[in-house]
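Tertiary structure, described
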Amino acid sequence: MADNHRTSGTIKFVVWTIASVAMIYFVFHSYNSGQMVRWYYYQTKVDGYAINVNSFKDATKEKPAVLDIQPGAQRIEGRVAVPVKKGERLPDGANGVIEKKVLEAGKRAKLDGDKLVVLIPWEIKESKGFKYKDTFIHKGVQTNPWSGVWNVAVVIALGLCLGLMAEGLTDLLGWKIKKIDHYGH
């Protein structure tokens, strides 16, 4: 009987170890390939220019960041701005949109021929007594609501795989974990 229990424990441990390794590989691959970001940063909420905020966070009025406007670009690398319309899919690498009304105001950013000039990448604002740093990150971006659900499902699946792998290991090693009786609960 003990050998049969260890055999089933070995099978359980091997199967769930393979499943756990596959889940961990999937998570790392999704992150490193940019798939997670593409799921989250989904489409535009406004007309404007898709940008990667991280490429110009050090810009100032005295030393503005100049972004090349590249219509139709599928990927944003470096200081690039891609014209987008409301509802369009964001290019890879984009994490914000500078709205046309911001450009028309000309205070934080403006158009200069085929260039987009960012003068103030962030500013301190106040709302309801609280001060906050207002940047272009996530502005004008409609996130995919299912991306959060998917990430939670992946974490639950990984936890299940690791838990069942641990159960298989304890069966394989013949460890008996005694259940503690809790009285009064």
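Preceding block: the structure.
Quick look at the structure, then. In this text the structure is predicted, and so the values were computed from the model without any measurement.

1. Examining the side chain of Arg 108
Structurally, Arg 108 can be placed in the loop between helix H3 (100-105) and strand E6 (109-112). A distance of 3.2 Å separates a polar atom in the side chain of Arg 108 from the backbone oxygen of Pro 121. When sequence neighbours within four positions are dropped, the list of residues in contact with Arg 108 reads Val 102, Val 117, Val 118, Leu 119, Ile 120, Pro 121, Trp 122, Glu 123, Asp 134, Thr 135 and Phe 136.

2. Examining the packing of aromatic side chains
Applying the stated criterion across every chain, the model contains two aromatic pairs. Their ring planes at 80 degrees and their centres at 6.3 Å tell us that Phe 26 and Trp 150 sit as a pair that is edge-to-face. Of this pair, Phe 26 sits in helix H1 (residues 2-32) while Trp 150 sits in helix H4 (residues 145-173), placing them 124 residues apart in sequence. Taking the centre distance of 6.4 Å and the plane angle of 65 degrees together, the rings of Phe 56 and Phe 136 count as edge-to-face. On the criterion of sequence distance, the pair formed by Phe 56 in the loop between strand E2 (48-51) and strand E3 (65-69) and Phe 136 in the loop between strand E9 (130-135) and strand E10 (141-143) is long-range, its members being 80 residues apart. Phe 136 carries the same exposure label as Phe 56, and that label is buried. Stacked on the ring of Trp 122, the Lys or Arg Lys 133 has its end atom at 4.5 Å from the ring centre.

3. Thoughts on the pairing of strand E7 (residues 115-118)
Relative to E7, E3 is paired through four bridges, and the arrangement is antiparallel. Across the sheet, Val 66 pairs through a bridge with Val 117, a residue of E7. Relative to E7, E6 runs antiparallel, the two being bridged by four bridges. Within E7, the position partnered with Ala 109 by the bridge is Val 118. Linkage of E6 to E7, two consecutive antiparallel strands, is achieved through a turn of two residues, within which Gly 113 is found at a positive phi near 70 degrees.

4. So, unusual backbone geometry
Positive phi, close to 55 degrees, is recorded for Lys 128, a residue that is not glycine. Classification of Lys 128 by relative accessible area gives exposed; the value is 80%. One non-glycine residue, His 138, lies in the positive phi region at around 70 degrees. Assignment of secondary structure puts His 138 in the loop between E9 and E10.

5. Details of the nonpolar core
Counting residues in hydrophobic clusters, the biggest one holds 15 residues, and the most contacted among them are Ile 51, Leu 67, Ile 98, Leu 116 and Val 118. Elements represented by at least two residues in this core include exactly E2, E3 and E7. Broken down by element, the residue count for this core peaks at three residues, all from E3. Not counting residues within four places of it along the chain, the set of residues in contact with Val 118 comprises Phe 56, Ala 59, Pro 64, Ala 65, Leu 67, Ile 98, Arg 108, Ala 109 and Phe 136.

The rules behind the values
Residues numbered from 1 in each chain as written. Predicted model: local features only at pLDDT ≥ 70, side-chain atom pairs only at ≥ 80, totals over all residues. Heavy atoms only, no water. Helix = DSSP H or I, 4+ residues; strand = E, 2+ residues; numbered from the N terminus. Polar contact = N/O pair within 3.5 Å; in protein donor to acceptor, adjacent residues only side chain to side chain. Contact = heavy atoms within 4.5 Å. Phe/Tyr/Trp six-rings, centres within 6.5 Å; stacked < 30°, edge-to-face > 60°. Buried < 20%, exposed > 50% of the residue type's maximum accessible area, 1.4 Å probe, protein only. Lys NZ or Arg CZ within 6 Å of the ring centre and 35° of its normal. Pairing = 2+ DSSP bridges. Core = buried A, V, L, I, M, F, W, Y, C linked by side-chain atoms within 4.5 Å.

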